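An overview of the molecular structure
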Amino acid sequence: MVVTVKDLSEKLFQAYQQKKPLSWEEYQNSGLTPDTSYQVQHAFNQKKGEAVKGYKISLTSEQTQNMFHSDSPLYGQIVESAILKDGASVSLDELFEPLIELELEFTAKEDLSADDDEKTLLAKTEIAPGIEVPDSRFKDWFPKLPLELVISDSAVCGKIVVGKAAPRLSVDQLSDIRTKVTLNGKELMSGISSEVLGNPIHALKWLVGKLDQEGKKVTRGTTVSTGTFCLPKSLERGTYIATFDHGIGSVTLNVK
């Protein structure tokens, strides 16, 4: 079914408001391109009536790019209410089909520029441990959702949980951060930052360049969730604690 930007953004917003997921099969021949998919995403988020305070970067490993038939990362806007603090609680009943991922968060202390090199980007940001909860307005979405619908649905943005600011690391150290997460005290999964384009700072630089092409910036106060250290798992009820080495610390999410 060929769709317009206006129609799909409205359908996504209705699904978001009413908690009634869409069937992605109805839209798999949508005629959308990556550019029009980003137009859908931006219109969808505008309808939420909240400021965009963050970005999530998806498909930052060869494995996830292959899963969704892409040769590059993609981004999703994050509205203010979807950015949570360490120790936050979420209700499984208020989500659709959520997953859990482990990520490094960068928050801009000043506006970022496409001309900034990686050392400059690092100096202009604070890093923190993070948990991302991907979630889609399309049912039965992972890992089947067509790429253009992933982009349209704000890169399947659900929530991000941002821990406390961590001590400053070097660019090289960022490529070798190890993390693990427990659920109710039992280890669930682990990962390493090199899965994120070799280094999460590469993902941040990609985003800054991509937004610059669109006439946008990562502005002061914006948080960027830079990509998962490992393949996701389904979100369940319980207490998740993700711990990152190099002194980065931990971040907790309670799921009710």
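Our structure's up above, just so we're on the same page.
Attention here is on the structure that accompanies the text. (Residues numbered from 1 in each chain as written. Predicted model: local features only at pLDDT ≥ 70, side-chain atom pairs only at ≥ 80, totals over all residues. Heavy atoms only, no water.)

1. So, the pairing of strand 7 (residues 125-133)
For clarity, the cut-off: Each residue's exposure class comes from its accessible area (1.4 Å probe, protein chains only) as a fraction of the maximum for that residue type: buried when under 20%, exposed when over 50%, partly exposed otherwise. Runs of H or I in DSSP of at least four residues are treated as helices and runs of E of at least two as strands, each being numbered from the N terminus. Paired strands, in this sense, are two strands between which DSSP finds at least two bridges.
The buried count for strand 7 comes to eight of nine residues, which makes it a mostly enclosed element. As defined by bridge partners, strand 6 (residues 99-108) adjoins strand 7 across eight bridges and the pair is classed as antiparallel. Note on strand 7: the bridge partner recorded for Leu102 is Ile131.

2. Quick word on the sheet that holds strand 5 (residues 88-90)
To keep it simple, the criterion reads: Convention adopted: a line fitted to C-alpha atoms gives each axis, helices being fitted over their contacting stretch, and angles between N-to-C directions are expressed from 0 to 180 degrees.
Ordered by their spatial adjacency, five strands build an open sheet running 5-15-14-10-11, and the pairing between neighbours is mixed. Only two strands of the sheet have a single partner each, and these edge strands are strand 5 and strand 11 (186-192). Taking each pair of neighbouring strands and ignoring which way they run, the sheet shows an average axis angle of 20°. Note: strand 14 (residues 238-244) against strand 15 (residues 249-255), seven bridges, orientation antiparallel. Each residue of the ladder has a partner; that of Gly238, found in strand 15, is Val255.

3. Section: the side chain of His42
Quick reminder of the rule: Contacts are residue-level and defined by heavy atoms, with any inter-residue pair within 4.5 Å sufficient.
Within the fold, His42 resides in helix 2 (residues 34-47). Judged by relative accessible area, His42 falls into the buried class, the value being 18%. Here His42 is in contact with Tyr75, Gln77, Glu214 and Lys216, once residues within four sequence places are set aside.

4. Observations regarding the side chain of Asp135
Condition: The positive count covers Lys and Arg only, the negative count covers Asp and Glu only, and His and the chain ends enter neither. The term salt bridge refers to a side-chain nitrogen of Lys or Arg lying within 4 Å of a carboxyl oxygen of Asp or Glu. N or O atoms within 3.5 Å of each other form a polar contact, as long as, within protein, one can give a hydrogen and the other can take it, and as long as residues adjacent in sequence are counted only when both atoms are side-chain atoms.
Its location among the elements puts Asp135 in the loop between strand 7 and strand 8 (138-139). No salt bridge is formed by the buried Asp135, whose closest oppositely charged neighbour, Arg137, lies at an N-O distance of 4.8 Å. Of the polar contacts made by the side chain of Asp135, one reaches the backbone nitrogen of Phe96; its length is 2.8 Å. Among all residues touching Asp135, those that are not within four sequence positions of it are Leu95, Phe96, Glu97, Pro98, Trp141, Asp153, Val156, Cys157 and Gly158.

5. Things to note about helix 1 (residues 5-18)
Stated precisely, the cut-off is as follows: To estimate the expected span of a helix, count its residues, drop one, and scale the result by 1.5 Å. The directions from the helix axis to the C-beta atoms are what the arc is built from.
Helix length check: helix 1 (14 residues) gives 20 Å between terminal C-alpha atoms against 20 Å at 1.5 Å per residue, within 8%. Among all positions in helix 1, only Leu8, Ser9, Leu12, Phe13 and Ala15 are buried. Along the axis of helix 1, the buried residues cluster in a sector spanning 160°; they form a single face. With respect to the buried face of helix 1, the exposed residues turned more than 90 degrees away are Lys6 and Gln17. Those residues of helix 1 that are buried are in contact with strand 1 (22-23), helix 2, strand 8 and helix 5 (147-152).

6. With respect to the packing of helix 1 against helix 2
Operational definition: Small angles under 35 degrees read as roughly parallel and large ones over 145 as roughly antiparallel, with 65 to 115 read as roughly perpendicular and the rest as oblique. Crossing handedness is read from the near helix: turned anticlockwise from the far helix by less than a right angle, it gives a left-handed crossing, and turned clockwise, a right-handed one. Each residue gets one of three labels, nonpolar for Ala, Val, Leu, Ile, Met, Phe, Trp, Tyr, Cys and Pro, charged for Asp, Glu, Lys and Arg, and polar for the others, Gly among them.
Helix 2 packs onto helix 1 with a crossing angle of 45° between their chain directions and a minimal axis gap of 8 Å. Here helix 1 is positioned oblique relative to helix 2, judged by the angle of their axes. Regarding helix 1 and helix 2, the two cross each other, and that crossing is right-handed. Each of Val5, Leu8, Ser9, Glu10, Leu12, Phe13 and Tyr16 in helix 1 lies in contact with helix 2, whose residues at this interface are Thr36, Gln39, Val40, Ala43, Phe44 and Lys47. Here the residues of the contact of helix 1 with helix 2 are counted per class, giving eight nonpolar, three polar and two charged.

7. Some points on the packing of aromatic side chains
Counted only if it meets this: By convention, a stacked pair of Phe, Tyr or Trp rings (six-membered ring in the case of Trp) has centres within 6.5 Å and planes under 30 degrees apart, an edge-to-face pair has planes over 60 apart, and any other such pair is tilted. Whether a charge sits over a ring comes down to the Lys NZ or Arg CZ being within 6 Å of the ring centre and within 35 degrees of the ring normal.
Per the stated rule, a full pass over the model turns up eight aromatic pairs. With 6.3 Å between their ring centres and 25° between their planes, Phe13 and Tyr16 make a pair best called stacked. One end of the pair, Phe13, and the other, Tyr16, are both in helix 1, three residues apart, so they sit about a helical turn from each other. Take Phe13: its relative accessible area is 12%, and that puts it in the buried class. Three or more aromatic residues link up through ring pairs in this structure, and these residues are Phe13, Tyr16 and Phe44. For Lys48, the ring lying beneath its charged end belongs to Tyr16, and the centroid distance is 4.7 Å.

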